[in-house]
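Examining the three-dimensional arrangement
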Amino acid sequence: MPVRMIEVIAKDGHADTLEATAHQFEALEFHRSHVDENGMQVMRILARPERQQDMIDHLQKCLGSGDDWRIVLLPVDAILPDPEPSEKSSKEETVALREELYVEIARGAKFDLTFVLLVLLSTVVASIGLFNDNVAVIIAAMVIAPLLGPNMALAFGCALGDRELISRAAFANLTGIILAIAGAAVAGFVMPDKYSGPELISRTVIGYDAIALALASGAAGAISITTRVSNVLVGVMVAVALMPPAAATGYMLGTERYTLAAGAGGLLLVNIVCINLSAQIVFLAKGIKPRGWIEQREAKGATLISIAIWSLLLAVLIGVIAWQNASLLPDQLTPS
């Protein structure tokens, strides 16, 4: 986590308390401006990386629940002379601030025209790639990755116990999947040929490797977000696990091949469960939690319940996969 400048705009009556807070959390620097005609003052705190989250939580507690203050987080590109890092800072793993994560992740759960267009365009590109067995085109659909945001937001909302974020993410995720399936179904209905290429048929078979891929994708997505690692490749991995089987499900429904549609839909469900399960486990391991202790207790309970539900669903799906594999002949397990 980099050094940040925390700028607090508040009534001058809070200045002494905020200065004491800065010293309590071993701030590198603390400065205050002159009081303006409205009694407002700007205080700037240069915070150590390992104390930033605790300091911001304490600042919010000191300022109260009113709307007459602002906390602004400013990036710091360089400090001259460079301060010596503390022993704790040098050993602590890099994790982004909760407030920054919330703003970034909540943006991915926003359901608007842009999201709808990205889902439809990604569906078109994925369908064309699947119909023509063109891996390069399928990868192009993966790069768009419109369903990454809602799934990460759903897991993050469970980690914080934020019901509003959970509902928005679930709505965007469900609506995006429905749009993808419906768009591919229309393509299957209007096309005279029934495509059965290897890339398409492979998305109708549920295997244990698909579970491993989805678990890895969800974990990688959560890690990339919390540590601010570039998530381009993670978006590709998540799109691998979601958009192609969604397009395959819709296309098989449109061509009235319901058994294959059930297989593709099952693969899609497996991937959604695995992505959310692994992402929530990562958020829990990273210590993502609300600010207040009451909210933390409620959020922890919600997270554990959510993980238990996803785990139960995964266990049921694994049982279904095992039953299907046991009921098929060996030569039927390989898609033709």
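Refer to the structure above for everything that follows.
Calculation notes
- Residues numbered from 1 in each chain as written.
- Predicted model: local features only at pLDDT ≥ 70, side-chain atom pairs only at ≥ 80, totals over all residues.
- Heavy atoms only, no water.
- Core = buried A, V, L, I, M, F, W, Y, C linked by side-chain atoms within 4.5 Å.
- Buried < 20%, exposed > 50% of the residue type's maximum accessible area, 1.4 Å probe, protein only.
- Helix = DSSP H or I, 4+ residues; strand = E, 2+ residues; numbered from the N terminus.
- Contact = heavy atoms within 4.5 Å.
- Patch = residues over 30% accessible without salt bridge, like charges linked within 9 Å, V, L, I, M, F, W, Y side chains within 5 Å.
- Areas by Shrake-Rupley, 256 points an atom, 1.4 Å probe, with all protein chains shown as cover.
- Salt bridge = Lys/Arg side-chain N within 4 Å of Asp/Glu carboxyl O.
- Pairing = 2+ DSSP bridges.
- Axes fitted to C-alpha atoms, helices over the stretch in contact; angles between N-to-C directions.
- Phe/Tyr/Trp six-rings, centres within 6.5 Å; stacked < 30°, edge-to-face > 60°.

Attention now moves to the nonpolar core. Grouped together as the largest cluster of nonpolar side chains are 64 residues, with contacts concentrated most on Phe156 and Phe283. If you tally residues by element for this core, the top one is helix H12 (residues 258-285), at 13 residues. Among residues more than four places away in sequence, those in contact with Phe283 are Ile105, Met152, Ala155, Phe156, Ala159, Ala222, Thr226 and Ile288. Counting 17 residues, the second-largest nonpolar core is a separate cluster that includes Ala10, Phe25, Met43 and Ile45.

A few words on unusual backbone geometry. Positioned with a positive phi, Glu26 is a non-glycine residue whose angle comes to about 55°. With respect to the element layout, Glu26 can be found in the loop between helix H1 (15-24) and strand E2 (29-32). Residue Glu26 is classed as partly exposed on the basis of its relative accessible area, which comes to 43%. Of note in the backbone geometry, Glu256 takes a positive phi value of approximately 60° without being a glycine. Along the chain, Glu256 turns up in the loop between helix H11 (232-254) and H12. By relative accessible area, which is 57% here, Glu256 ends up exposed.

So, on to a nonpolar patch on the surface. Residues Leu113, Leu117, Leu118, Leu121 and Ile144 make up a contiguous nonpolar surface patch of about 440 Å² in total accessible area. When residues in the nonpolar patch are grouped by element, the largest group, 4 residues, is from helix H5 (residues 113-131). Its place among the elements puts Leu117 in helix H5.

The next subject is the sheet that holds strand E4 (residues 70-75). Strand order in the open sheet made by the 4 strands is E2-E3-E1-E4, with antiparallel pairing throughout. Because the sheet does not close on itself, it has two edges, and the strands there are E2 and E4. Averaged over all neighbouring strand pairs, the angle between strand axes comes to 15°, with direction disregarded. Looking at chain direction, E2 and strand E3 (residues 40-47) are connected through 4 bridges and run antiparallel. The residue bridging Phe30 from the neighbouring strand is Ile45, located in E3. Of the strands in this sheet, strand E1 (4-11), E2 and E3 touch H1, which is tilted by about 170° from E2.

To continue, consider the packing of aromatic side chains. Tallied over the entire structure, the rule returns 7 aromatic pairs. Note on Tyr102 and Phe156: the rings are 6.5 Å apart at their centroids and 55° apart in plane angle, and the pair reads as tilted. Remark: Phe156 occurs in helix H7 (residues 148-160) and Tyr102 occurs in helix H4 (residues 98-108); sequence separation between them is 54 residues. On the basis of relative accessibility, which here comes to 0%, the residue Phe156 falls in the buried class. Judged by centre distance (5.4 Å) and plane angle (80°), the ring pair of Phe156 and Phe283 falls under edge-to-face. Pair noted here: Phe156 is in helix H7 and Phe283 is in helix H12, with a separation of 127 residues, a long-range link. For the pair Phe156 and Phe283, a shared accessibility class is recorded, and that class is buried.

Here Ser278 is to be found in helix H12. Leaving out residues up to four positions away in the same chain, Ser278 has contacts with Ala214, Leu215, Gly218 and Ala219.

Inspection of every chain in the model, using the stated rule, returns 5 salt bridges. Arg32 is paired through a salt bridge with Asp16; the nearest N and O atoms lie 3.3 Å apart. Here the residue Arg32 occupies a position in strand E2, and Asp16 occupies one in helix H1, the gap between them amounting to 16 residues. Since its relative accessible area comes to 36%, Arg32 is described here as partly exposed. Glu199 serves as the salt-bridge partner of Arg203, at 2.5 Å between the closest nitrogen and oxygen. With relative accessibility at 13%, the residue Arg203 sits in the buried group.

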